[in-house]
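Results of the structural survey
Read off the chains here:
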Amino acid sequence: MKIVVTGTTGRLGSSLCPYLRQCGHTLLRLSRNSGYDILADLTDFRQVRQALDLAHADTIINLAALTDVDTCEKYPQDAYQANTRIVENLARWISESATGCHLVQISTDQVYDGAGPHKENEARLTNYYAFSKYAGELAALNVDATVLRTNFVGRSQCPGRKTLSDWLVDSCRAGAAISIFDDVWFAPMDIKELIHLIERTVQTRRAGVFNLGSRGGMTKADFAERLAGKLGLTTAKMQRRSIKDFNFLAYRPEDMRLDTGLFEETFNVRLATLQDVIERISQDYRHDH
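Residue positions are counted from 1 within each chain, in the order its sequence is given. Reporting of local features is limited, given that this is a predicted model, to residues whose pLDDT is at least 70; pairs of side-chain atoms are given and counted only at 80 or more, and all residues count toward the totals for whole chains, interfaces and linings. Each side-chain value is worked out from all heavy atoms of the structure, with water and hydrogens disregarded.

1. Brief notes about the packing of helix α1 (residues 11-22) against helix α7 (residues 191-204)
- Between N-to-C directions, angles cover 0 to 180 degrees, with each direction set by a line fitted to C-alpha atoms, over the stretch in contact for helices. Strands here mean DSSP runs of E at least two residues long; helices mean DSSP runs of H or I at least four residues long; both are numbered from the N terminus. It is at 10 Å that the axes of α1 and α7 come closest, and there the two elements cross at 55°. Comparing their axes, α7 and α1 come out oblique. Every pair of crossing elements has a handedness; the one defined by α1 and α7 is right-handed. Here α1 contributes Arg11, Leu12, Ser15, Leu16, Tyr19 and Leu20 to the contact with α7, which in turn contributes Ile191, Leu194, Ile195, His196, Ile198 and Glu199. Here roughly perpendicular refers to angles of 65 to 115 degrees, roughly parallel to angles under 35, roughly antiparallel to angles over 145, and oblique to all remaining angles. Less than a right angle of anticlockwise turn of the near helix away from the far helix marks a crossing as left-handed, whereas a clockwise turn marks it as right-handed. Every residue pair with non-hydrogen atoms within 4.5 Å of one another is taken to be in contact.

Structure below.
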């Protein structure tokens, strides 16, 4: 297929783009910066229309986003532009062009809070980041779109942009003192599995909102200790803390565990448990050291 990808230089895009090429797809990277296949300011519909009219893509995968939670809280207009307006423009082009182009919108597990695991109809928005991403989902669903609410760990291929697991492993290896939340639950998946499943959604084109994470989940502190244990790293300088001890500008959800049953049934897959994810990514961290 011919696929336009936005936000290609981030942690997910740096792994996804090479994989899509490896799968045989024709890839067009869309950015407002020079050096990419298509140039356009995604917040400007006129530029989006001109670029996508020329691209003739079968699928658009939107990875463009402002993901810093406190920045979104401080500058909600920036959050809207990056997380909502861009999706509105992409969906508008799909609607007006009538080309049958499919949109894959990458969303976040931060649209949930309260006791999990959460089903797709149980969104609970608690900060501007979540609001802007959820509004982006609504914009995407005006056309033929697959919305994936997800979170991931594993070795980042993006220079200078670490995942949570990168930070944990690098900190432990450096002997740095770190604090890990023991009252925040999540269910991330291995980035390698995630890019494989995104490509699967491109092939199957099933519209709707889907939770895409690991089965089960655990606290971030338990995740950190188990990953360190698999790698034989000391946790002597790893302190378990409550998120309530930190004075963040934006509220952080405390339970982002996902009920992945709908994705598994729709796409006929069995997703890994978070313990399985730890086993898999620990192999990568062993090999890179």
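On we go.
2. A short note on the environment of glycine 136
- Tracing the chain through its elements places glycine 136 in helix α5 (residues 128-140).
- In this scheme, a residue with accessible area under 20% of its type's maximum is buried, one over 50% is exposed, and one in between is partly exposed, where area comes from a 1.4 Å probe on protein chains only. Accessibility expressed as a relative area gives 0% for glycine 136, which makes it buried.
- Beyond its immediate chain neighbours, meaning those up to four positions away, glycine 136 contacts Asn83, Thr84 and Val87.

3. Here's the deal with α7
- In a helix, the anticipated span is given by 1.5 Å times the number of residues less one. End to end, α7 covers 20 Å across 14 residues, agreeing with the expected 20 Å (1.5 Å per residue, within 8%).
- What α7 keeps buried is the set Ile191, Glu193, Leu194, Ile195, Leu197, Ile198, Glu199, Thr201 and Val202.
- One or two residues past the end of α7 sits arginine 205, with phi positive at roughly 55°.

4. Remarks on the pattern of salt bridges
- What counts as a salt bridge is simple: a side-chain nitrogen of Lys or Arg found within 4 Å of a carboxyl oxygen of Asp or Glu. Counting across every chain of the model gives 18 salt bridges.
- Residue glutamate 264 is joined to arginine 215 by a salt bridge in which the shortest nitrogen-to-oxygen separation is 3.7 Å. A residue pair is termed long-range when its members are at least 10 positions apart, and glutamate 264 in helix α9 (residues 261-267) and arginine 215 in the loop between β11 (208-212) and β12 (218-219) qualify at 49 residues.
- Ionic pairing is found between aspartate 255 and arginine 257, a salt bridge with its closest N-O pair at 2.7 Å. For the residue pair aspartate 255 and arginine 257, the accessibility class agrees, reading buried in each case.

5. Side note on the sheet that holds strand β6 (residues 145-150)
- Strand order in the open sheet formed by 7 strands is β3-β2-β1-β4-β5-β6-β11, with parallel pairing between adjacent strands. Strands at the two margins of the open sheet, each flanked by one partner only, are β3 (38-39) and β11.
- Here β6 pairs with β11 via 5 bridges, running parallel. Note that in β11 the partner of threonine 146 across the bridge is glycine 208.
- Of the strands in this sheet, β1 (2-6), β4 (59-62), β5 (102-108), β6 and β11 are in contact with α7, which crosses β6 at around 165°. One requirement defines pairing of two strands: DSSP has to find at least two bridges between them.

6. Description of the side chain of aspartate 255
- Summarising the element assignment, aspartate 255 is placed in the loop between β13 (238-241) and α9.
- Reaching out from aspartate 255, the side chain makes a polar contact with the backbone nitrogen of glycine 116 at a distance of 2.9 Å.
- Aspartate 255 has contacts with Tyr112, Asp113, Gly114, Ala115, Gly116, His118 and Trp185, leaving out every residue within four places of it along the chain. Polar contact is the term for a pair of N or O atoms within 3.5 Å; when the atoms are in protein, one must be able to donate a hydrogen and the other to accept it, and sequence-neighboring residues count only if both atoms are side-chain atoms.

7. What to know about the environment of serine 165
- Note that serine 165 resides in helix α6 (residues 164-174).
- For serine 165, a relative accessible area of 0% puts it in the buried group.
- Along the backbone, serine 165 and alanine 228 are 63 residues apart, and their C-alpha atoms lie at a distance of 9.6 Å.
- If sequence neighbours within four positions are ignored, serine 165 has contacts with Val153, Gly154, Phe223, Leu227, Ile281 and Tyr285.
- Separated by 2.6 Å, the side chains of serine 165 and tyrosine 285 make a polar contact.

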